[in-house]
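Overview (structure and organization)
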Amino acid sequence: MGSISEDPNLRQESSLFSSLPPTPLDEPFSVNGAYIQDKHPQKVNLGIGVYRTENGEPWPLRVVEDAEKELYDAKNVARHEYLAIQGDREFLRLAADLVFGFGKGKSSATGVVEEQRNRVVSVQTVSGTGANRLGAELLARNIRPGCVWIPDPTWANHHTIWELAGVKRKTYPYYDSISQSFNFEGTIRVLSESAQKNDIVILHACAHNPTGADPSKEQWEALVKLCNAKGLIPFFDLAYQGFASGDADKDAWAIRHFFNDVHKMEFCVAQSFSKNFGLYGQRVGALHVVTRPSAHDVTQDLLANLCHLIRGEYSMAPRGGAEIVRTVLANEGLRDRWFEDLTTMSQRIRRMRHALYDELMKLKTPGDWKHVVNQIGMFTYIGLSERQVFAIREKYHIYMLKSGRISMSGLNERNVEYVAIAIDDVVRTIN
Ligand SMILES: Cc1ncc(COP(=O)(O)O)c(C=O)c1O
């Protein structure tokens, strides 16, 4: 065997990673980290998007505990085996039914339901983030869109996901800060003037993050027309079904409207079970790709392509959380318990909206605060400037995102007055 002699030109002086580009910290997680470090007794966490009880604690849903017990007692010996690459197929059927409402209302005849189900290719994902990522990868590789239209503002991870997928990003003006509601005119104008065929449009199905401002039914109808007229590909992000209004059907209205449109358009839905089942760390989700019913069935090839991407990324999604969701959705009794839990969470959040609004009214805080009660879901875009956000953190130890997004579930009967006083103070003293 010959000896190996070192080539001095190849000697590495510094680390391979010494010139990595600077990357920003993820804001919700770093704000949460700062909150945890803070030792102030009155600190309040309005940063991270997770549900908290009246006592400020996490809440394992009662129905989830029932399902966990049922699964444990069943002692299925295969419970830790690999899933199929596609995921748990019964879970996927139930998850798709939940989104699209198959089998409900007028079109419940068996043939019609099967026809509708056949339009959708579903795969299990690493929660909603994974569904967004997988869908982006699928479209980037196969459709090669000119760009993706992302609402401004949005869940910040949309930008990261589409950047990593290598698709050019553009934004549409989602929020009108004067009326503190969805900027319908701006959205329609920008997309009609500038979007091109096969561009992707990110749409939050309900409870828009971060603003809590959603389009009305009439506005959704106009958006369907626009997508059809321009040949755009809608990409729904569904992270709050049932959590937003307490009614899972109501929160899926926009998606069902797109699905049932006469033009039978093709689109994606990224579904998350983090918030509506409180299964944040279990990573339960699905990507549903809706296809156009046509002579040439594309669904087999589509499924094979998605499975190929999944296999190369993470082989298959985790099974534990999906089994919990499947157990609940498959059983009428448990499903009803789930609806009760959704009501508990959404009503507590609504109560906090009213409590904060009432406190601000009592204090006669300058400004119009109606949006606090009008917006929906986990978040409110409270309307504080970045300077006010930093001041409120500095002086009152209240944590929120620099955009002024607050997570309503961080409020409770004990801290809402304190938070209102703090808001009142920074609104009066800092601009
Ligand atoms: C709009 C939106 N999409 C997707 C997600 C993804 O959440 P997860 O990956 O936990 O399902 C979130 C979570 O905050 C969200 O707000």
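Residues numbered from 1 in each chain as written. Predicted model: local features only at pLDDT ≥ 70, side-chain atom pairs only at ≥ 80, totals over all residues. Heavy atoms only, no water.

- Per an unreviewed UniProt entry, the protein chain carries the name Aspartate aminotransferase and comes from Penicillium subrubescens.
- Taken directly from UniProt, the Subunit (unreviewed entry) text for the protein chain runs: "Homodimer."
- Recorded in UniProt for the protein chain, the comment headed Sequence similarities (unreviewed entry) runs: "Belongs to the class-I pyridoxal-phosphate-dependent aminotransferase family." (UniProt positions renumbered as here; feature names shortened; annotations may be inferred.)

1. Focus: the packing of aromatic side chains
- On inspection of all chains with the given rule, the structure shows 23 aromatic pairs.
- Note on Y35 and Y399: the rings are 5.7 Å apart at their centroids and 80° apart in plane angle, and the pair reads as edge-to-face. Of the two residues, Y35 is situated in helix α1 (residues 27–37) and Y399 in strand β12 (residues 398–399); the sequence distance between them amounts to 364 residues.
- With centroids separated by 5.5 Å and ring planes inclined at 35°, the aromatic side chains of W338 and F339 adopt a geometry described as tilted. (Phe/Tyr/Trp six-rings, centres within 6.5 Å; stacked < 30°, edge-to-face > 60°. Helix = DSSP H or I, 4+ residues; strand = E, 2+ residues; numbered from the N terminus.)

2. Looking at the sheet that holds strand β7 (residues 200–204)
- Read across the open sheet, the seven strands follow the order β2-β10-β9-β8-β7-β3-β4; overall the sheet is mixed. Each end of this open sheet is capped by a strand with a single partner; those strands are β2 (120–126) and β4 (169–173). Looking at each pair of strands side by side, their axes are set apart by 25° on average, direction ignored.
- For strand β3 (residues 148–152) and β4, the ladder comprises five bridges, and the chain directions are parallel. Counted as the bridge partner of W149 is K170 from β4.
- Contacts from helix α5 (residues 127–142) reach β2, β7, β8 (233–238), β9 (267–272) and β10 (284–290) within the one sheet, and its direction differs from that of β2 by about 125°. (Pairing = 2+ DSSP bridges. Axes fitted to C-alpha atoms, helices over the stretch in contact; angles between N-to-C directions. Contact = heavy atoms within 4.5 Å.)

3. With respect to the pairing of β10
- Of all seven residues making up β10, seven are buried, and the element is well covered by its neighbours.
- Along β10, one buried face is formed by V284, A286, H288 and V290 and the opposite face, lined by G285, L287 and V289, is buried too.
- Pairing of β2 with β10, which is carried by seven bridges, proceeds in the antiparallel orientation. Each residue of the ladder has a partner; that of V123, found in β10, is L287.
- Pairing of β9 with β10, which is carried by six bridges, proceeds in the antiparallel orientation. From the neighbouring strand, S272 faces β10, where its bridge partner is G285. (Buried < 20%, exposed > 50% of the residue type's maximum accessible area, 1.4 Å probe, protein only.)

4. Regarding α1
- All buried positions along α1 are accounted for by P28, V31, N32 and Y35. Along the long axis of α1, the arc covered by the buried residues comes to 100°, so they all point the same way. Residues of α1 that are exposed and point more than 90 degrees away from the buried face comprise F29 and Q37.
- Where α1 is buried, its residues touch β1 (44–45), α15 (386–396), β12 and β13 (405–407).
- Put simply, D26 is the residue that caps the front of α1, since its side-chain oxygen is 3.3 Å from the backbone nitrogen of F29. (Arc of directions from axis to C-beta. Polar contact = N/O pair within 3.5 Å; in protein donor to acceptor, adjacent residues only side chain to side chain.)

5. Quick look at the pairing of β8
- Burial analysis of β8 places six of its six residues in the buried class, the great majority of the element.
- In β8, alternate side chains face the same way, and those of I233, F235 and D237 on one face and P234, F236 and L238 on the other are all buried.
- Sheet analysis places β7 next to β8, joined by five bridges and oriented parallel. Among the inter-strand pairings, I202 is bridged to a residue of β8, identified as F235.
- Considered for its hand, the β-α-β crossover made up of β7, helix α8 (residues 217–230) and β8 is right-handed.
- With four bridges connecting them, β8 and β9 associate as parallel partners. When the sheet's bridge partners are listed, F236 is paired in β9 with V269. (Right-handed = clockwise from strand over helix to strand, strands pointing away.)

6. Brief notes about the site of the ligand
- Looking at the ligand, there are 13 residues lining it, with S127, T129, D237, S272 and S274 nearest.
- D237 is positioned such that a nitrogen or oxygen atom in its side chain is 2.6 Å from a nitrogen atom of the ligand.
- In the complex, the protein chains occlude 91% of the 400 Å² of accessible area that the ligand would expose alone.
- With three residues, α5 is the single largest residue contributor to the shell around the ligand.
- Classifying every residue of the shell around the ligand gives three nonpolar, seven polar and three charged. (Near = heavy atom within 4 Å. Areas by Shrake-Rupley, 256 points an atom, 1.4 Å probe, with all protein chains shown as cover. Nonpolar A, V, L, I, M, F, W, Y, C, P; charged D, E, K, R; others polar.)

7. Considering the environment of E340
- Position of E340 among the secondary structure elements: in helix α13 (residues 332–362).
- Of the residues examined, E340 reaches a relative accessible area of 41% and is grouped as partly exposed.
- Sequence separation between E340 and V63 is 277 residues, and the spatial gap between their C-alpha atoms is 9.0 Å.

8. Some thoughts on the nonpolar core
- Among the nonpolar cores identified, the biggest contains 99 residues, and F100, F236, F258, F267, L356 and I398 are the most heavily contacted of them.
- Both domains that furnish three or more residues to this core are identified here as domain 1 (25–60 + 345–429) and domain 2 (82–330).
- Contacts of F267, omitting those with residues within four sequence positions, involve F100, P234, F236, I255, F258, F259, H288, V289 and V290.
- Membership of the second largest hydrophobic core comes to 26 residues, among which are V167, I233, F235 and A270. (Core = buried A, V, L, I, M, F, W, Y, C linked by side-chain atoms within 4.5 Å. Domains from an automatic or database assignment.)

9. Topic: the environment of T171
- Its place among the elements puts T171 in strand β4.
- Taking the relative accessible area as the measure of exposure, T171 reaches 38% and is therefore partly exposed.
- As for T171 and S315, which are separated by 144 residues in sequence, their C-alpha atoms are 33 Å apart.
- Setting aside its immediate chain neighbours within four residues, T171 contacts W149, I150, D152, H159 and V190.

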